[in-house]
Amino acid sequence: MSTATLDATALERLVAAAVAAPSLHNTQPWRFGIDQDTRTIRVYAATDRGLRHTDPAGRAVHVSVGCAVLNLRVAAARSGWAPVTRLLPRPDRPDLLATVRLAGTARIPAAPELYEALWRRRSSRFPYTDRPLPGHLLAELAEAAHLEGASLVFPGRRETDRVLRATWEGEVRNRADADRAAESRHWSSGPHPASLGMPAAVVGPQDSLERVPVRDFGAHRHPAVLLARPYERHPALALLRTAHDRRTDWLRAGQALERILLVATAHGVRTSLLHQALEWPDLRAHLDGPARGGGPGRAQMVIRLGYGPEGPASPRREVGAALEGGV
(Lines give C-alpha, C1' and ligand atoms only; values in the text may rest on other atoms or scores of the structure.)
Protein backbone atom coordinates (compact mmCIF):
# COMPACT_ATOMS: atom_id res chain seq x y z
CA MET A 1 0.00 0.00 0.00
CA SER A 2 1.08 3.63 -0.46
CA THR A 3 1.80 6.22 2.20
CA ALA A 4 -0.86 8.97 2.44
CA THR A 5 1.73 11.72 2.85
CA LEU A 6 5.40 11.98 2.13
CA ASP A 7 6.44 12.18 5.78
CA ALA A 8 9.97 12.70 7.03
CA THR A 9 10.66 9.00 7.54
CA ALA A 10 9.49 8.03 4.06
CA LEU A 11 11.43 10.89 2.49
CA GLU A 12 14.63 9.99 4.31
CA ARG A 13 14.41 6.39 3.14
CA LEU A 14 13.84 7.41 -0.48
CA VAL A 15 16.71 9.89 -0.57
CA ALA A 16 19.01 7.46 1.24
CA ALA A 17 18.30 4.93 -1.51
CA ALA A 18 19.13 7.50 -4.20
CA VAL A 19 22.36 8.51 -2.43
CA ALA A 20 23.50 4.86 -2.43
CA ALA A 21 24.04 5.08 -6.21
CA PRO A 22 27.54 4.95 -7.73
CA SER A 23 29.31 8.00 -9.18
CA LEU A 24 32.60 8.70 -10.87
CA HIS A 25 35.30 9.20 -8.19
CA ASN A 26 32.44 8.98 -5.64
CA THR A 27 31.74 12.70 -6.06
CA GLN A 28 27.98 12.08 -5.52
CA PRO A 29 27.06 14.94 -7.89
CA TRP A 30 23.39 15.23 -6.96
CA ARG A 31 21.05 17.08 -4.66
CA PHE A 32 17.33 16.70 -4.07
CA GLY A 33 14.40 19.03 -3.59
CA ILE A 34 10.92 18.14 -2.33
CA ASP A 35 7.50 19.45 -3.34
CA GLN A 36 5.20 18.11 -0.64
CA ASP A 37 2.00 19.33 -2.35
CA THR A 38 2.59 17.26 -5.49
CA ARG A 39 4.70 14.53 -3.79
CA THR A 40 7.48 15.22 -6.26
CA ILE A 41 11.20 14.76 -5.70
CA ARG A 42 13.40 16.99 -7.84
CA VAL A 43 16.86 15.68 -8.74
CA TYR A 44 19.52 18.26 -9.55
CA ALA A 45 23.09 18.05 -10.72
CA ALA A 46 25.50 19.27 -8.05
CA THR A 47 27.75 21.00 -10.54
CA ASP A 48 30.21 22.05 -7.83
CA ARG A 49 31.16 18.38 -7.51
CA GLY A 50 31.58 17.75 -11.22
CA LEU A 51 34.98 16.73 -12.59
CA ARG A 52 35.92 19.74 -14.70
CA HIS A 53 38.90 18.12 -16.42
CA THR A 54 37.89 14.46 -16.47
CA ASP A 55 34.25 15.09 -17.41
CA PRO A 56 34.11 18.52 -19.10
CA ALA A 57 30.79 17.87 -20.89
CA GLY A 58 29.10 16.55 -17.73
CA ARG A 59 28.20 13.21 -19.31
CA ALA A 60 29.39 11.24 -16.27
CA VAL A 61 27.41 13.56 -13.96
CA HIS A 62 24.24 12.73 -15.93
CA VAL A 63 25.01 9.00 -15.82
CA SER A 64 25.56 9.19 -12.05
CA VAL A 65 22.32 11.10 -11.53
CA GLY A 66 20.54 8.53 -13.70
CA CYS A 67 21.78 5.82 -11.32
CA ALA A 68 20.35 7.78 -8.39
CA VAL A 69 17.01 8.18 -10.19
CA LEU A 70 16.75 4.41 -10.74
CA ASN A 71 17.40 3.78 -7.05
CA LEU A 72 14.76 6.34 -6.18
CA ARG A 73 12.27 4.59 -8.47
CA VAL A 74 13.02 1.17 -7.00
CA ALA A 75 12.67 2.43 -3.43
CA ALA A 76 9.46 4.31 -4.22
CA ALA A 77 7.85 1.30 -5.89
CA ARG A 78 8.96 -0.94 -3.02
CA SER A 79 7.17 1.43 -0.63
CA GLY A 80 3.98 1.19 -2.67
CA TRP A 81 4.25 4.36 -4.74
CA ALA A 82 3.93 4.54 -8.53
CA PRO A 83 6.98 6.66 -9.51
CA VAL A 84 6.37 8.85 -12.55
CA THR A 85 9.71 10.07 -13.91
CA ARG A 86 10.38 13.05 -16.18
CA LEU A 87 13.85 13.74 -17.54
CA LEU A 88 15.01 17.33 -18.09
CA PRO A 89 11.58 18.76 -17.26
CA ARG A 90 12.60 22.45 -17.30
CA PRO A 91 14.65 23.74 -20.27
CA ASP A 92 15.23 26.95 -18.29
CA ARG A 93 16.79 24.95 -15.42
CA PRO A 94 19.58 22.87 -16.97
CA ASP A 95 20.69 21.69 -13.54
CA LEU A 96 17.27 20.10 -12.88
CA LEU A 97 17.89 16.70 -14.46
CA ALA A 98 14.79 14.77 -13.39
CA THR A 99 11.64 14.75 -11.31
CA VAL A 100 10.05 11.69 -9.72
CA ARG A 101 6.39 12.12 -8.75
CA LEU A 102 4.93 9.62 -6.30
CA ALA A 103 1.57 9.00 -7.98
CA GLY A 104 -0.58 6.75 -5.86
CA THR A 105 -0.29 3.01 -5.55
CA ALA A 106 2.15 1.05 -7.70
CA ARG A 107 0.41 -1.56 -9.82
CA ILE A 108 3.56 -3.66 -9.97
CA PRO A 109 5.70 -3.33 -6.82
CA ALA A 110 9.45 -3.37 -7.33
CA ALA A 111 11.07 -6.76 -7.18
CA PRO A 112 12.26 -7.21 -3.58
CA GLU A 113 15.61 -8.56 -4.72
CA LEU A 114 16.42 -5.26 -6.48
CA TYR A 115 15.52 -3.20 -3.43
CA GLU A 116 17.63 -5.42 -1.17
CA ALA A 117 20.50 -5.32 -3.67
CA LEU A 118 20.33 -1.52 -3.70
CA TRP A 119 21.72 -1.42 -0.16
CA ARG A 120 24.35 -4.11 -0.81
CA ARG A 121 25.64 -2.95 -4.20
CA ARG A 122 29.21 -1.70 -4.25
CA SER A 123 32.09 -1.65 -6.69
CA SER A 124 34.67 -4.38 -6.24
CA ARG A 125 38.01 -3.28 -7.74
CA PHE A 126 39.69 -6.51 -6.72
CA PRO A 127 40.67 -9.68 -8.61
CA TYR A 128 37.85 -12.00 -9.68
CA THR A 129 37.98 -15.69 -10.49
CA ASP A 130 37.81 -16.99 -14.06
CA ARG A 131 34.48 -18.70 -13.39
CA PRO A 132 32.23 -17.88 -16.37
CA LEU A 133 28.91 -16.11 -15.99
CA PRO A 134 25.90 -18.30 -16.87
CA GLY A 135 24.02 -17.57 -20.07
CA HIS A 136 20.70 -16.97 -18.32
CA LEU A 137 22.30 -14.22 -16.22
CA LEU A 138 23.77 -12.51 -19.31
CA ALA A 139 20.28 -12.52 -20.83
CA GLU A 140 18.80 -11.03 -17.67
CA LEU A 141 21.43 -8.29 -17.60
CA ALA A 142 20.76 -7.45 -21.25
CA GLU A 143 17.03 -7.28 -20.52
CA ALA A 144 17.71 -4.93 -17.61
CA ALA A 145 19.42 -2.51 -20.00
CA HIS A 146 16.62 -2.89 -22.56
CA LEU A 147 13.99 -1.98 -19.96
CA GLU A 148 15.67 1.41 -19.57
CA GLY A 149 16.08 2.15 -23.28
CA ALA A 150 19.70 1.04 -23.63
CA SER A 151 21.54 -2.00 -24.94
CA LEU A 152 24.12 -4.24 -23.31
CA VAL A 153 26.51 -6.28 -25.39
CA PHE A 154 29.10 -8.83 -24.29
CA PRO A 155 32.19 -8.62 -26.52
CA GLY A 156 34.00 -11.75 -27.62
CA ARG A 157 37.66 -12.42 -26.85
CA ARG A 158 39.08 -10.29 -29.67
CA GLU A 159 36.69 -7.40 -29.00
CA THR A 160 37.43 -7.63 -25.26
CA ASP A 161 41.12 -7.18 -26.05
CA ARG A 162 40.26 -4.07 -28.07
CA VAL A 163 38.23 -2.61 -25.18
CA LEU A 164 41.00 -3.36 -22.70
CA ARG A 165 43.62 -1.72 -24.94
CA ALA A 166 41.51 1.43 -25.24
CA THR A 167 40.97 1.48 -21.48
CA TRP A 168 44.69 1.06 -20.80
CA GLU A 169 45.43 3.94 -23.17
CA GLY A 170 42.91 6.09 -21.33
CA GLU A 171 44.51 5.20 -18.00
CA VAL A 172 47.99 6.10 -19.28
CA ARG A 173 46.74 9.43 -20.62
CA ASN A 174 44.95 10.25 -17.37
CA ARG A 175 48.10 9.69 -15.34
CA ALA A 176 50.13 11.85 -17.72
CA ASP A 177 47.64 14.73 -17.89
CA ALA A 178 48.54 17.11 -15.06
CA ASP A 179 45.05 18.54 -14.57
CA ARG A 180 43.28 15.18 -14.62
CA ALA A 181 45.91 13.63 -12.37
CA ALA A 182 45.50 16.43 -9.83
CA GLU A 183 41.72 16.07 -9.97
CA SER A 184 41.96 12.34 -9.35
CA ARG A 185 44.40 12.80 -6.46
CA HIS A 186 42.05 15.35 -4.92
CA TRP A 187 39.20 12.83 -4.74
CA SER A 188 41.44 10.05 -3.43
CA SER A 189 43.61 11.86 -0.90
CA GLY A 190 41.85 15.17 -0.34
CA PRO A 191 41.24 17.70 0.81
CA HIS A 192 37.55 16.81 0.62
CA PRO A 193 34.83 15.82 3.12
CA ALA A 194 35.20 12.31 4.55
CA SER A 195 31.75 11.43 3.17
CA LEU A 196 33.01 11.83 -0.43
CA GLY A 197 35.83 10.50 -2.56
CA MET A 198 37.83 7.30 -2.75
CA PRO A 199 39.41 5.97 0.47
CA ALA A 200 42.44 3.75 -0.02
CA ALA A 201 40.52 0.66 1.15
CA VAL A 202 38.09 0.74 -1.81
CA VAL A 203 40.63 1.42 -4.56
CA GLY A 204 42.09 -2.06 -4.92
CA PRO A 205 45.52 -3.17 -6.16
CA GLN A 206 46.95 -2.95 -9.66
CA ASP A 207 46.92 -6.02 -11.90
CA SER A 208 50.35 -7.67 -11.81
CA LEU A 209 49.44 -9.46 -15.07
CA GLU A 210 48.77 -6.06 -16.69
CA ARG A 211 45.52 -7.39 -18.08
CA VAL A 212 42.81 -5.44 -16.20
CA PRO A 213 43.33 -1.64 -16.30
CA VAL A 214 42.50 -0.73 -12.70
CA ARG A 215 42.30 3.04 -12.24
CA ASP A 216 45.15 4.54 -10.25
CA PHE A 217 43.22 7.19 -8.33
CA GLY A 218 46.47 8.58 -6.97
CA ALA A 219 47.73 9.12 -10.54
CA HIS A 220 51.22 7.96 -9.59
CA ARG A 221 53.99 8.76 -12.02
CA HIS A 222 55.60 5.40 -11.27
CA PRO A 223 52.75 2.88 -10.91
CA ALA A 224 55.22 0.01 -10.52
CA VAL A 225 55.57 1.01 -6.86
CA LEU A 226 51.87 0.31 -6.21
CA LEU A 227 50.58 -2.86 -4.61
CA ALA A 228 49.84 -5.42 -7.34
CA ARG A 229 48.09 -8.81 -7.48
CA PRO A 230 47.17 -11.08 -10.39
CA TYR A 231 43.67 -10.46 -11.75
CA GLU A 232 41.57 -12.81 -13.86
CA ARG A 233 43.17 -13.85 -17.15
CA HIS A 234 39.94 -13.55 -19.11
CA PRO A 235 37.96 -10.55 -17.82
CA ALA A 236 34.22 -10.63 -18.51
CA LEU A 237 33.20 -7.23 -19.88
CA ALA A 238 29.92 -5.69 -20.96
CA LEU A 239 29.43 -2.56 -23.07
CA LEU A 240 26.47 -0.33 -22.23
CA ARG A 241 25.30 1.70 -25.22
CA THR A 242 22.52 4.06 -26.20
CA ALA A 243 21.22 4.78 -29.70
CA HIS A 244 22.03 8.50 -29.38
CA ASP A 245 24.24 10.71 -27.24
CA ARG A 246 21.99 13.43 -25.90
CA ARG A 247 21.59 14.46 -22.27
CA THR A 248 18.46 12.31 -22.00
CA ASP A 249 20.47 9.36 -23.31
CA TRP A 250 23.07 9.90 -20.61
CA LEU A 251 20.34 9.87 -17.96
CA ARG A 252 18.77 6.73 -19.44
CA ALA A 253 22.20 5.12 -19.54
CA GLY A 254 22.58 5.80 -15.83
CA GLN A 255 19.24 4.19 -15.04
CA ALA A 256 20.15 1.20 -17.20
CA LEU A 257 23.56 0.95 -15.57
CA GLU A 258 22.13 0.89 -12.07
CA ARG A 259 19.48 -1.68 -12.96
CA ILE A 260 22.24 -3.88 -14.41
CA LEU A 261 24.35 -3.47 -11.28
CA LEU A 262 21.42 -4.32 -9.01
CA VAL A 263 20.57 -7.45 -11.00
CA ALA A 264 24.22 -8.53 -10.89
CA THR A 265 24.37 -7.89 -7.13
CA ALA A 266 21.17 -9.90 -6.56
CA HIS A 267 22.88 -12.85 -8.28
CA GLY A 268 26.07 -12.56 -6.22
CA VAL A 269 28.10 -11.15 -9.13
CA ARG A 270 30.65 -8.42 -8.45
CA THR A 271 31.07 -5.41 -10.70
CA SER A 272 33.44 -2.54 -11.32
CA LEU A 273 33.39 0.22 -13.93
CA LEU A 274 36.16 0.81 -16.47
CA HIS A 275 35.51 4.41 -17.50
CA GLN A 276 38.96 5.62 -18.57
CA ALA A 277 38.53 5.25 -22.35
CA LEU A 278 35.18 7.06 -22.21
CA GLU A 279 36.96 10.16 -20.91
CA TRP A 280 38.77 10.70 -24.24
CA PRO A 281 36.63 11.29 -27.37
CA ASP A 282 38.87 9.36 -29.77
CA LEU A 283 39.12 6.34 -27.46
CA ARG A 284 35.39 6.40 -26.76
CA ALA A 285 34.79 6.23 -30.51
CA HIS A 286 36.65 2.90 -30.54
CA LEU A 287 33.94 1.50 -28.25
CA ASP A 288 31.07 2.64 -30.47
CA GLY A 289 29.56 0.66 -33.32
CA PRO A 290 28.46 -2.94 -33.72
CA ALA A 291 29.72 -5.73 -31.53
CA ARG A 292 28.83 -9.38 -31.26
CA GLY A 293 25.29 -9.70 -29.93
CA GLY A 294 24.27 -6.06 -30.47
CA GLY A 295 23.82 -3.21 -32.89
CA PRO A 296 25.48 0.19 -33.25
CA GLY A 297 25.28 2.85 -30.58
CA ARG A 298 27.24 5.28 -28.41
CA ALA A 299 29.27 3.70 -25.64
CA GLN A 300 28.27 4.96 -22.19
CA MET A 301 30.03 2.52 -19.83
CA VAL A 302 32.33 -0.50 -19.71
CA ILE A 303 31.31 -2.90 -16.94
CA ARG A 304 33.58 -5.62 -15.57
CA LEU A 305 31.71 -8.56 -14.03
CA GLY A 306 32.73 -11.68 -12.18
CA TYR A 307 32.85 -13.69 -8.99
CA GLY A 308 35.13 -12.49 -6.25
CA PRO A 309 35.35 -10.46 -3.04
CA GLU A 310 32.56 -8.05 -2.25
CA GLY A 311 34.83 -5.08 -1.61
CA PRO A 312 34.37 -2.44 1.08
CA ALA A 313 31.67 0.22 0.84
CA SER A 314 32.50 3.76 -0.23
CA PRO A 315 31.40 6.57 2.08
CA ARG A 316 28.10 8.39 1.52
CA ARG A 317 26.78 11.80 2.49
CA GLU A 318 24.03 12.06 5.05
CA VAL A 319 20.52 12.52 3.67
CA GLY A 320 20.23 16.02 5.11
CA ALA A 321 23.37 17.13 3.29
CA ALA A 322 21.95 15.88 -0.03
CA LEU A 323 18.75 17.92 0.25
CA GLU A 324 18.34 21.49 -0.96
CA GLY A 325 19.86 23.77 1.62
CA GLY A 326 22.11 21.00 2.94
CA VAL A 327 25.86 21.47 3.34
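Parameters and conventions
- Residues numbered from 1 in each chain as written.
- Predicted model: local features only at pLDDT ≥ 70, side-chain atom pairs only at ≥ 80, totals over all residues.
- Heavy atoms only, no water.
- Pairing = 2+ DSSP bridges.
- Helix = DSSP H or I, 4+ residues; strand = E, 2+ residues; numbered from the N terminus.
- Axes fitted to C-alpha atoms, helices over the stretch in contact; angles between N-to-C directions.
- Salt bridge = Lys/Arg side-chain N within 4 Å of Asp/Glu carboxyl O.
- Buried < 20%, exposed > 50% of the residue type's maximum accessible area, 1.4 Å probe, protein only.
- 1 Å grid on protein atoms, 1.4 Å probe; cavity = no way out; pocket = protein on both sides within 12 Å on 5 of 7 lines; lining within 4 Å.
- Points joined across faces, edges and corners; volume = space filled by probe spheres on them.
- Nonpolar A, V, L, I, M, F, W, Y, C, P; charged D, E, K, R; others polar.
- Phe/Tyr/Trp six-rings, centres within 6.5 Å; stacked < 30°, edge-to-face > 60°.
- Lys NZ or Arg CZ within 6 Å of the ring centre and 35° of its normal.

K.L.:
Give a description of the sheet that holds strand S1 (residues 30-35) that names residues and reports values.
P.N.:
Taken in spatial order, the 4 strands of this open sheet run S1-S2-S4-S3, and their pairing is antiparallel. The open sheet has two edge strands with one neighbour each: S1 and strand S3 (81-87). Taking the axes of each pair of neighbouring strands and ignoring which way they run, one obtains an average angle of 20 degrees across the sheet. In the sheet, S1 pairs with strand S2 (residues 40-45) via 6 bridges, with the strands oriented antiparallel.

K.L.:
Give me the lowdown on the pattern of salt bridges, citing residues and values where you can.
P.N.:
Using the criterion set out here, one finds 20 salt bridges in the structure. Here Arg304 and Glu232 are joined by a salt bridge, their closest N and O atoms 2.7 Å apart. Placement of the pair is Arg304 in strand S10 (residues 298-306) and Glu232 in the loop between strand S7 (228-229) and strand S8 (236-242), with a sequence separation of 72 residues. Each member of the pair, Arg304 together with Glu232, is buried. Here Asp245 ties to Arg284 by a salt bridge, and the two come within 2.7 Å at their closest N and O atoms. Of this pair, Asp245 sits in the loop between S8 and helix H8 (247-266) while Arg284 is found in helix H9 (residues 281-286), placing the two residues 39 residues apart along the sequence. Its relative accessible area of 25% is what places Asp245 among the partly exposed residues. Classification of Arg284 as buried rests on a relative accessible area of 8%. Here the salt bridges share partners, and the residues they tie into one network are Arg31, Arg42, Arg93, Asp95 and Glu324.

K.L.:
Provide a residue-level description of the pairing of S10, including the pertinent values.
P.N.:
Of all 9 residues making up S10, 8 are buried, and the element is well covered by its neighbours. Both S8 and S10 contribute to a ladder of 7 bridges, which runs antiparallel. Note that in S10 the partner of Thr242 across the bridge is Arg298. Sheet topology places strand S9 (residues 270-273) next to S10; 4 bridges connect them, and they run antiparallel. In the sheet register, Leu273 faces S10, and the bridge partner there is Ile303.

K.L.:
Kindly report on empty space enclosed by the protein, identifying the contributing residues and their values.
P.N.:
Per the counting criterion, the structure on display carries 3 cavities of 30 Å³ or more. As a volume, the largest cavity reaches approximately 80 Å³. The wall of the largest cavity is formed by His25, Thr54, Glu171, Asn174, Arg175, Arg180, Ser184, Arg215, Asp216, Ala219 and Glu279. If you list the elements that add at least two residues to the lining of the largest cavity, you get helix H5 (157-176) and helix H6 (178-189). Ranked by residues supplied to the lining of the largest cavity, first place goes to H5 with 3 residues. Of the residues belonging to the lining of the largest cavity, the class tally is 1 nonpolar, 4 polar and 6 charged. Together, Arg120, Arg121, Arg122, Thr265, Val269, Arg270, Thr271 and Glu310 line the second largest cavity.

K.L.:
Report on the packing of aromatic side chains, specifying residues and quantitative values.
P.N.:
Taken as a whole and assessed by the stated rule, the structure comprises 1 aromatic pair. Consider the rings of Tyr115 and Trp119, whose centres lie 5.9 Å apart with planes at 85 degrees: the pair is edge-to-face. In this pair, Tyr115 and Trp119 are both assigned in helix H3 (residues 112-120), 4 residues apart and thus about one turn of the helix distant. Accessibility expressed as a relative area gives 13% for Tyr115, which makes it buried. Trp119 gets classed as partly exposed once you look at its relative accessible area, which sits at 31%. Across the ring face of Trp280, the terminal group of Arg180 is positioned such that the distance to the ring centre comes to 3.7 Å.

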